[in-house]
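# Summary of the model geometry
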Amino acid sequence: MATQISQKKDQFEGVDFLQIDDLLTDEHLLIRSSMRDFVKKEISPYIEDWAQNAHFPSEIVKKFGDVGAFGPQIPEEYGGGGLDYISYGLIMQEIERGDSGMRSTASVQGSLVMYPIYKFGSEEQRKKYLPKLASGEYLGCFGLTEPDHGSNPSGMVTNFKDMGDHYLLNGAKMWISNSPEADIAVVWAKNEEGRIHGLIVERGMEGFTTPTTHNKWSLRASCTGELVFDNVKVPKENLLPGKSGLGAPLMCLDSARFGIAWGAIGAAMDCYDSARRYAAERIQFDKPIASFQLVQKKLSEMLTEITKAQLLAWKVGKMMNEGKAKTVHISMAKRNNVDMALNIAREARQIHGGMGITGEYPIMRHMMNLESVITYEGTHDIHLLILGQEITGIPAFK
């Protein structure tokens, strides 16, 4: 497919009303700057064309590997960046400022594939898979959600049986980012006792297929599909030995949701930046629409909400670095920041008027993407109930 290059220059410079950059280190600022440059060069000129044509650019995987977007929080000895969680958050912010689908590709690889192999895998598994995942030689995916089990993953029916010299895996997973192009999948399944374990399934294993999900209105530049297991023989050395039970995949989701809390800020900043520029240029009633009270109200509220989200993400990042962040803290950040970004996308669309629905501006693409982001890796309502359980001690979803 011939990719059309956008003629519109990416002029984004960032949003920092409360001088939150003062809370960042020189290394953080350098990492953010280099990732922003990468997005302006490798994503911004092409993303509208990719999204319009529902095209996943396979070449971006190696480019992400080269720039250090895969597993930046994984130790350097395994090919990762050896960086802290705020660095990871800033990288996700910049990539999602380009596009949520592109960030999904990177955060799935780093938090949902590399993280469990690093955290729960054997040393042999770490050495075999992590460097290739970090470099982009391999693309990975994470199999937890099933057709009938989304918010309730403990009800999964995907299972494996001990056949003596191997495991026999059966079942299916759905809504899996990266699956159609993935070389490996970290799959969560129940053993014969009903205990959940992680298994590394490799492309080419007989009975393992990855059908593509078509006709998406959202995350159109990301590849999404299923994982189908029909009597797949999985070598015993592919079982993740370090942890079993539902807590294992949920730990991975904590890491990924943290990245989303930062990424959503990037999408919000892009919508705000575009709306601010458009309002200054668009003339109605003989003056720029930026001079009207209701437009100023929208822009003022956008800036306020972005600033609050930045502080929330930074504080949770600091807690992640110190080992103090809990699932409930990450749930609050993910839920708040994605909701904030979606509201800003909708308000920004209003400021752009009819132009807001076209690919001339990023607004409608961000808005459609965020409709997925607000649902995946814990829905908007489920995160609310996670907080509700923390507050009251009563689980409302059981």
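How each quantity is defined
- The residue numbering used here restarts from 1 in each chain and proceeds along that chain's sequence as written.
- Only residues with pLDDT of at least 70 are given local features in this predicted model, and only at 80 or more are side-chain atom pairs given and counted; all residues enter the totals for whole chains, interfaces and linings.
- Note: side-chain values were computed over all heavy atoms of the structure, leaving out hydrogens and water.
- UniProt positions are given in the numbering used here, feature names are shortened, and annotations may be inferred rather than shown by experiment.
- The numbering of helices and of strands both runs from the N terminus, where a helix is a DSSP run of H or I of at least 4 residues and a strand a run of E of at least 2.
- For each residue, the accessible area found with a 1.4 Å probe, counting protein chains only, is set against the maximum for its type, and the residue is called buried under 20%, exposed over 50%, and partly exposed in between.
- Residue contacts are counted whenever heavy atoms from the two residues lie within 4.5 Å of one another.
- Polar contact criterion, stated in full: a pair of N or O atoms within 3.5 Å, where within protein one must be able to donate a hydrogen and the other to accept it, and residues adjacent in sequence count only if both atoms are side-chain atoms.
- Buriedness of a pocket was judged along seven lines, with at least five required to meet protein on both sides within 12 Å; pockets are open sets of points on a 1 Å grid over the protein atoms alone, cavities are sets where a 1.4 Å probe fits but cannot get out, and lining residues have an atom within 4 Å of a point.
- Grid points are joined across faces, edges and corners, and a volume is the space filled by probe spheres set on the points.
- Throughout, the ten residues Ala, Val, Leu, Ile, Met, Phe, Trp, Tyr, Cys and Pro are labelled nonpolar, Asp, Glu, Lys and Arg are labelled charged, and all others, Gly among them, are labelled polar.
- Domains are outlined according to an automatic or database domain assignment.
- Only buried residues count toward a nonpolar core. Its members are Ala, Val, Leu, Ile, Met, Phe, Trp, Tyr and Cys residues joined through side-chain atoms within 4.5 Å.
- Here, the term disulfide refers to a pair of cysteine sulfur atoms separated by no more than 2.5 Å.

## Thoughts on the UniProt feature "domain: Acyl-CoA oxidase/dehydrogenase middle" (unreviewed entry) in the protein
- Under the local residue numbering, the UniProt record ascribes the feature "domain: Acyl-CoA oxidase/dehydrogenase middle" (unreviewed entry) to residues 141–232.
- A distance of 17 Å separates the end C-alpha atoms of residues 141–232, which is 0% helix and 48% strand.

## A word on the environment of F160
- Secondary-structure assignment places F160 in strand 2 (residues 159–162).
- By relative accessible area, F160 is classed as buried at 4%.
- Linking F160 and A309, residues 149 residues apart in sequence, is a C-alpha distance of 42 Å.
- What F160 contacts, discounting residues up to four positions off in sequence, is Y167, L168, L169, A189, K190, N191, E192, H197, L199 and L239.

## A word on the side chain of H166
- For H166, the position within the fold is in strand 3 (residues 166–177).
- For H166, the side chain forms a polar contact with the side chain of D165, separated by 2.7 Å.
- Contact partners of H166, with chain neighbours within four places excluded, come to K161, K233, V234 and K236.

## Focus: the environment of S6
- Position of S6 relative to the elements: it lies in the segment before helix 1 (26–42).
- Placed 41 residues apart in sequence, S6 and I47 show a C-alpha to C-alpha distance of 8.3 Å.
- Leave out the neighbours within four places in its chain, and S6 touches S44 and P45.

## Topic: the side chain of Q310
- Within the secondary structure layout, Q310 lies in helix 8 (residues 293–321).
- Classification of Q310 by relative accessible area gives buried; the value is 10%.
- In this structure Q310 touches V15, I20, I265 and M269, once residues within four positions along its chain are discounted.

## Observations concerning empty space enclosed by the protein
- Under the counting rule described, the total for this entry stands at one cavity of 30 Å³ or more.
- Lining the largest cavity are 13 residues, with I20, D21, R32, Q93 and Q310 sitting closest to its centre.
- For the lining of the largest cavity, a count of residues per class yields seven nonpolar, two polar and four charged.
- Two domains each put at least three residues into the lining of the largest cavity: domain 1 (20–135) and domain 3 (247–392).

## A closer look at the nonpolar core
- Ranked by size, the top nonpolar core spans 97 residues in total, and within it F64, I95, M102, I117, W188, I306 and I351 carry the most contacts.
- Top element by residues in this core is helix 7 (residues 247–281). It accounts for 18 residues.
- I95 has contacts with M35, V39, F64, A69, M102, R103 and A106, leaving out every residue within four places of it along the chain.
- Counting 18 residues, the second largest nonpolar core, distinct from the first, contains L169, V201, V232 and L239.

## Considering the state of the cysteines
- For the structure on display, the rule yields zero disulfides.
- Left without a disulfide partner, C223 is nearest to the cysteine sulfur of C141, which lies 8.8 Å away.

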